[in-house]
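So you can see what is in the structure, the chains are spelled out below.
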Amino acid sequence: MKYTLITGASSGIGKALSFQYAEKGHNLIVTARREYELNKLKAEIQDKYDVEVVIKPFDLSEPDAAERLYEELAGLSLENMINNAGFGDFSMPWDVDVTKAQRMIDLNVRTLTTLSLLFVRDYANHNSTLINVASVGGYSIFDIAVTYCATKFYVSSFTEGLAQSLKEQGLPMQAKVLAPGPTESEFVTQSSHGGAIAGDNLFAEDSFISAAQLASYAYQLYESDADVGIVNNRKLELKKPMYLYISVPH
Ligand SMILES: NC(=O)c1ccc[n+]([C@@H]2O[C@H](COP(=O)([O-])OP(=O)(O)OC[C@H]3O[C@@H](n4cnc5c(N)ncnc54)[C@H](OP(=O)(O)O)[C@@H]3O)[C@@H](O)[C@H]2O)c1
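Conventions and cut-offs
Residues numbered from 1 in each chain as written. Predicted model: local features only at pLDDT ≥ 70, side-chain atom pairs only at ≥ 80, totals over all residues. Heavy atoms only, no water. Helix = DSSP H or I, 4+ residues; strand = E, 2+ residues; numbered from the N terminus. Rg over C-alpha atoms; globule rule 2.2 N^0.38 Å. Buried < 20%, exposed > 50% of the residue type's maximum accessible area, 1.4 Å probe, protein only. Contact = heavy atoms within 4.5 Å. Axes fitted to C-alpha atoms, helices over the stretch in contact; angles between N-to-C directions. Parallel < 35°, antiparallel > 145°, perpendicular 65-115°, else oblique. Left-handed = near helix turned anticlockwise from the far one by under 90°. Polar contact = N/O pair within 3.5 Å; in protein donor to acceptor, adjacent residues only side chain to side chain. Near = heavy atom within 4 Å. Areas by Shrake-Rupley, 256 points an atom, 1.4 Å probe, with all protein chains shown as cover. Nonpolar A, V, L, I, M, F, W, Y, C, P; charged D, E, K, R; others polar. Salt bridge = Lys/Arg side-chain N within 4 Å of Asp/Glu carboxyl O.

Across its full length, the chain carries seven helices and eight strands. Computed over the C-alpha atoms, the radius of gyration of the chain is 17 Å, within 12% of the 18 Å expected from 2.2 N^0.38 for a compact globule of 250 residues. If one aligns the C-alpha atoms of the chain with their principal axes, the spans along those axes are about 50 × 45 × 35 Å. Residues counted as buried form 52% of the 250 residues belonging to the chain. Restricting to contacts in the chain with at least 6 residues of sequence separation, those with at least 24 account for 69%.

With their axes 8 Å apart at the nearest point, helix H1 (residues 12-23) and helix H7 (residues 211-223) run at an angle of 55° to one another. The angle between the axes of H1 and H7 places the two elements in the oblique class. Where H1 crosses over H7, the handedness of that crossing is right-handed. On H7, the residues touching Gly-12, Ile-13, Ala-16, Leu-17, Gln-20 and Tyr-21 of H1 are Ala-211, Ala-212, Leu-214, Ala-215, Ser-216, Ala-218, Tyr-219 and Tyr-222.

The next thing to look at is the environment of Thr-111. Mapped onto the elements of the fold, Thr-111 is located in helix H4 (residues 98-123). For Thr-111, a relative accessible area of 7% translates into the label buried. In the structure, Thr-111 is positioned 130 residues away from Pro-241 in sequence and 23 Å away in space, judged by C-alpha atoms. Setting aside chain neighbours within four positions, we find Thr-111 in contact with Leu-60, Ala-66 and Asp-106. Among the polar contacts listed, one links the side chain of Thr-111 to the backbone oxygen of Leu-60, at a separation of 2.4 Å.

What follows covers the site of the ligand. Looking at the ligand, there are 30 residues lining it, with Ile-13, Arg-33, Asn-84, Tyr-148 and Ser-185 nearest. Here Tyr-148 contributes a side-chain N or O atom positioned 2.7 Å from an oxygen atom of the ligand. Here an oxygen atom of the ligand sits 2.9 Å away from a polar atom, N or O, in the main chain of Glu-186. With the chains in place, 96% of the 880 Å² that the ligand exposes on its own is no longer accessible. For the shell around the ligand, the secondary structure elements donating two or more residues are H1, helix H5 (146-168) and helix H6 (187-192). A per-class count over the shell around the ligand returns 13 nonpolar, twelve polar and five charged.

The backbone phi angle of Asp-64 is positive, close to 70°, even though this residue is not glycine. Considering the arrangement of structural elements, one finds Asp-64 in the loop between strand S3 (53-57) and helix H3 (65-72). On the accessibility criterion, Asp-64 (42% relative accessible area) is partly exposed. Of note in this structure, Arg-234 is not a glycine but carries a positive phi near 70°.

Looking at where Ser-210 falls in the secondary structure, it is placed in the loop between H6 and H7. A relative accessible area of 29% places Ser-210 in the partly exposed class. C-alpha of Ser-210 to C-alpha of Val-188: the two residues are 22 residues apart in sequence and 14 Å apart in space. Beyond its immediate sequence surroundings of up to four residues, Ser-210 is in contact with Thr-183 and Glu-184.

All right, on to the pattern of salt bridges then. For the structure on display, the rule yields nine salt bridges. With a closest N to O distance of 3.6 Å, Glu-37 and Lys-40 form a salt bridge. One end of the pair, Glu-37, and the other, Lys-40, are both in helix H2 (residues 35-48), three residues apart, so they sit about a helical turn from each other. A salt bridge links Glu-72 to Lys-56, with the shortest nitrogen-to-oxygen separation between them at 3.0 Å. Here Glu-72, found in helix H3, pairs with Lys-56, found in strand S3; they are 16 residues apart in sequence, far enough to count as distant. On the basis of relative accessibility, which here comes to 43%, the residue Glu-72 falls in the partly exposed class. Assessed through its relative accessible area of 16%, Lys-56 is described here as buried.

Here it is in structure tokens:
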């Protein structure tokens, strides 16, 4: 039996991705901190779809959490990994809560990197797919979220690099960047938390798409040959990598 690992599955985009992948018949391993929400998600999905759901409650901003989660998956075979867990911070740089910024880097960058590299190490020779969730803020800088955007530039460049290296070597694993625009979830509340800027009026209400819509875009990206799926004006654009990739003879 093969599984799709989805991080940040307790709300918003990750929860919608869990329903989307279950509907398409994928068994799931879902992780986040809120165990109660994961249990509820598991019950709702197994009520509706004939798939297995394994829950793994973890605080993925803790040091070594990614390694510990991956070790716990040792007996399970992975088909896909979706690194979605993440949060933002709406503050001008001089107002940033440094501790929140460090936690954000630990989750958005450190954990995502560790899980991606372990997956690539073990599954590059398999028909497997890695999707890392960046943001439109992973391709453009917003003044109210410079540090967050930098974490997402990391996600987009790292994942594009993996995608091109895998292709160049003719390996079957695919790596893809999903770059959402404004999407209904707990993101705005979490990004405003402890920050100097309230998120309520930052984005026009009609700029948001539902998490279910984003999840269906993610599945289109999954089934496509594209490396990047970026949401522009509420529509999905499927693209080739956008960063210059240089292959150094070695
Ligand atoms: N919504 C948007 O407008 C938007 C736009 C662009 C990109 N994104 C990206 O989309 C991804 C999903 O966000 P979302 O919009 O769905 O927001 P969300 O509703 O706040 O979901 C975030 C998920 O990450 C999990 N998470 C947060 N901190 C964690 C930690 N320390 N350890 C483990 N899990 C943790 C949360 O679960 P627990 O709280 O239970 O741990 C939750 O399941 C993020 O990477 C975000 O940057 C969102």
